[in-house]
Amino acid sequence: LHHGMMATRDADAVEVPATAAAPVVEKLLWVFMASFAFDYRAAQAREAAGGAGIDQFIFLLLAVVSTAGILLVGWRHLLVRPGAWLILGWGAFLAFMAGNAALQGVAPGRSLRIILPLVLCLAGMMNAHIAGCVGVKPSRIVAPVFAAACTNVLWRIFHGFAFKGVTMETARVEVQSSANNWLAAWIGCALLLRSRFHWLLPVAVGILFFGIFITVT
């Protein structure tokens, strides 16, 4: 009985029966998040030219292919509520942005660069939604996001010092990762919502504050 109570306490609070598609979707979710793990802030010259490197196109291709695979396997689950309303609302918002940009005469290339991160956010919403509906456990959905976030924080720092000539005196946004916010939220949830200490907590805290320390000059 004691072991049964411990197992229940450690299990995910929400259990959805796993379908045959769950293992495939979980693997594709790892590929999707891996496409963000080694992303970095483009050099100023590249930004001014409005282009992107071959590496970033490869990352984008991984995100597109993995999302297409997840949609192919689990598109029937997109209308499952209440998650469907969030996806529908975000899609409508993107359609409004694109239409408004076209009416205002914004160059298509510039409009695409601005909207693309929000489209990738929509892809993440759909992928996580489908994964949950096919029976991938919440903890296993969060796992690739956590891995990608930790990797990106460290990669941004390494890339800035190794390839951008950043020093401890000049380190600012060049080495900052947008994953810092997500890691901070994960740490808060791990402290407030878990009844037991998790070994990943000190790892997340160490990586987050290491990245913050580097940028505080």
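Residues numbered from 1 in each chain as written. Predicted model: local features only at pLDDT ≥ 70, side-chain atom pairs only at ≥ 80, totals over all residues. Heavy atoms only, no water.

1. Notes on the packing of helix H2 (residues 22-37) against helix H4 (residues 54-74)
For any two helices packed against each other, one specifies the crossing angle of their axes together with the interaxial distance.
Item 1. Their axes nearest at 8 Å, the elements H2 and H4 cross at an angle of 160 degrees. As the angle between them shows, H2 and H4 are arranged roughly antiparallel. The chirality of how H2 crosses H4 is left-handed. The segment H2 lies against H4, with Val24, Val25, Leu28, Leu29, Val31, Phe32 and Ser35 engaging Phe59, Leu62, Ala63, Ser66, Thr67, Gly69, Ile70 and Val73. (Axes fitted to C-alpha atoms, helices over the stretch in contact; angles between N-to-C directions. Helix = DSSP H or I, 4+ residues; strand = E, 2+ residues; numbered from the N terminus. Parallel < 35°, antiparallel > 145°, perpendicular 65-115°, else oblique. Left-handed = near helix turned anticlockwise from the far one by under 90°. Contact = heavy atoms within 4.5 Å.)

2. A word on the nonpolar core
Item 1. Phe146, Val153, Leu183, Trp186, Ile187 and Ala204 are the most contacted members of the largest nonpolar core, which totals 18 residues.
Item 2. Of all elements in the fold, only helix H7 (138-163), helix H8 (179-193) and helix H9 (200-215) reach the threshold of two or more residues within this core.
Item 3. The element contributing the most residues to this core is H9, with six residues.
Item 4. Setting aside its immediate chain neighbours within four residues, Ala204 contacts Phe146, Leu183, Trp186 and Ile187.
Item 5. One finds Ala22, Leu29, Ile130 and Ile141 within the second-largest nonpolar core, a separate group that totals ten residues. (Core = buried A, V, L, I, M, F, W, Y, C linked by side-chain atoms within 4.5 Å. Buried < 20%, exposed > 50% of the residue type's maximum accessible area, 1.4 Å probe, protein only.)

3. Regarding the packing of H2 against helix H6 (residues 108-133)
Item 1. Taken N-terminus to C-terminus, the directions of H2 and H6 make an angle of 155 degrees; their axes are 10 Å apart at the nearest point. By the angle between their directions, the pair H2 and H6 is classed as roughly antiparallel. Handedness of the H2/H6 crossing: left-handed. Every residue of H6 that contacts H2 at Val25, Leu29, Phe32 and Phe36 is listed here: Leu120, Ala123, Gly124, Asn127 and Ala131.

4. Brief notes about the packing of aromatic side chains
Item 1. Counting across every chain of the model gives five aromatic pairs.
Item 2. Seen from their ring centres, Phe32 and Phe36 are 5.2 Å apart, and the 75 degrees between their planes marks the pair as edge-to-face. Of this pair, Phe32 and Phe36 are both found in helix H2, four residues apart, which corresponds to roughly one turn of the helix.
Item 3. Owing to a relative accessible area of 25%, Phe36 belongs among the partly exposed residues under this scheme.
Item 4. Ring plane angle 75 degrees and centroid distance 5.5 Å describe the contact between Phe38 and Trp155, whose orientation is recorded as edge-to-face. (Phe/Tyr/Trp six-rings, centres within 6.5 Å; stacked < 30°, edge-to-face > 60°.)

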